[in-house]
Amino acid sequence: MNYREEMCKAMNLLRDNGYLFVGQSCKYYGTAMFSTLKDVPISQRKEFMVAEDFQLGWSIGQSLVGKKVCSLFPRMDFLISASDQLVNHLDKIEKLSDGEFKPKVIIRTSVGSKTPINPGLQHVGDYSKEIRSMCKNIKVIELYSSELIAKSYKNALESDKSTILVEYGELYDNVPIR
Amino acid sequence: MIEYTKEELQTFEDDIKNEFIKGNIRYPIHLSRGNEYQLIEIFKKYNIGDNDWCFCSHRNHYLALLKGIPKEWLKNQIITGHSMHLMSKEYKFFASSIVGGSLFPAVGVADSGEHTFCFVGDMCSLTGKFHESVQYSLHFNLPITFVIECNGMSTNTPSYETVNIEHKHDSSIKTIHEWENGKVIRYCYERKTPHINVDQFVSFQ
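Analysis parameters
Residues numbered from 1 in each chain as written. Chains lettered and ligands numbered in written order. Predicted model: local features only at pLDDT ≥ 70, side-chain atom pairs only at ≥ 80, totals over all residues. Heavy atoms only, no water. Axes fitted to C-alpha atoms, helices over the stretch in contact; angles between N-to-C directions. Helix = DSSP H or I, 4+ residues; strand = E, 2+ residues; numbered from the N terminus. Parallel < 35°, antiparallel > 145°, perpendicular 65-115°, else oblique. Left-handed = near helix turned anticlockwise from the far one by under 90°. Contact = heavy atoms within 4.5 Å. 1 Å grid on protein atoms, 1.4 Å probe; cavity = no way out; pocket = protein on both sides within 12 Å on 5 of 7 lines; lining within 4 Å. Points joined across faces, edges and corners; volume = space filled by probe spheres on them. Nonpolar A, V, L, I, M, F, W, Y, C, P; charged D, E, K, R; others polar.

### A few points about the packing of helix H1 (residues 6–21) of chain B against helix H4 (residues 71–79) of chain B
All names here are of chain B.
- Interaxial distance between H1 and H4 falls to 11 Å at its minimum, and their mutual angle equals 30°. On the basis of their axis angle, the class for H1 and H4 is roughly parallel. The interaxial crossing formed by H1 with H4 has right-handed handedness. Together, Phe12, Asp15, Ile16 and Glu19 of H1 and Lys71, Leu74, Lys75 and Ile78 of H4 make up the contact between the two elements.

See below:
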């Protein structure tokens, strides 16, 4: 199976486990991520304001009341806009609350493709290493190949921690990235 | 639901202040004083109880007491360093010490149908975070009430000066203003404590 097909399979796994998919281009086309939600019913997709910090904070709030949320950020550059809720809240709430709250959000993000057209520095950033260094309680998994996708999403599903799964736009078109 | 008088709330904060002065609290505290009347009224009027969520900021001791958190548990949390980010799943209480940090999780909780109250300061109410949260909540008709606690100050910065608004702060008017059918309310008070800690030198040996 190719990268896109594996991503579809992973989304179906979350779908079958009752996850709600939240973000930009969940219900309306516009990103590579949208195509991987083709088998997810509209009732399990929520198109959100383009307000990343809000989106992630909202996802945390849903998690506080037991909802399962997969929060989509089509570019990792956009996830940076959610840094407050990511670093100061999602990563820290369990410790701050002495374990009373254990919010879990599955975060899906992507490093933008530079080919065949390069969208520029604000759309191709890979901050996996930096986020990993800032967030000690969130797993960051780079999906460097299609073989990693199914296992990584299964692990994210089974974990009681939040996970950021980073996909690479160029792999959707089978362009090697490293 | 435990009901408190103004004097009982003040007594709790005095106790915390004394513990701090004695050097028994090695963490920052943000005491309240001057808004007892308004908070007691709000909790009564909106019937804030066990089933409601309360989101707020670092200045949260009064809110925690009025929400029903036991005094002993609260004091222990404060002494062990949790004053700035007091959280309790049992009492549905969530405080963040990042300005506006509670707003978005509060909206997320409210979007699940849980009734939610979110207390913010006046500087926070001027931010984009507040605007996003209120607009979203109003248009989705969420069961959330935003409460602006206006003392005119953000730490020691006059909040309204930063946005060039001439603000006449009249804390003598104990009026609770409501907008948007009671979804956004605001009250004014004069902060009678320092922004942080206490108004005297404390020696930590």
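Still more to cover.
### Some thoughts on empty space enclosed by the protein
All names here are of chain A.
- Within this structure, the stated rule accounts for two cavities of 30 Å³ or more.
- Every residue lining the largest cavity is listed: Leu90, Glu94, Lys102, Pro103, Asn137, Ile138, Asp160, Lys161 and Ser162.
- Split by residue class, the lining of the largest cavity holds three nonpolar, two polar and four charged.
- Counting only elements with at least two residues in the lining of the second largest cavity, the list comes to helix H3 (52–64) and strand E3 (69–73).

### Concerning the packing of H3(A) against helix H6 (residues 128–139) of chain B
- Direction vectors running N to C along H3(A) and H6(B) enclose 60°, while the axes themselves pass 10 Å from each other. By the angle class used here, H3(A) and H6(B) are oblique. When you trace H3(A) past H6(B), the crossing you get is right-handed. Taking contact as the criterion, the partners of A:Asp53, A:Phe54 and A:Trp58 in H3(A) are, on H6(B), B:Lys129, B:Glu132, B:Ser133 and B:Tyr136.
- Of the residues assigned to the contact of H3(A) with H6(B), the class counts are three nonpolar, one polar and three charged.

### Remarks on unusual backbone geometry
- Between A:Thr115 and A:Pro116 the backbone carries a cis peptide bond, its omega angle lying at 0°.
- Mapping A:Pro116 onto the fold places it in the loop between strand E4 (105–111) and helix H7 (128–134).
- Even without glycine at this site, B:Thr155 takes up a positive phi of about 50°.
- By secondary structure assignment, the location of B:Thr155 is in the loop between strand E6 (153–154) and strand E7 (157–158).

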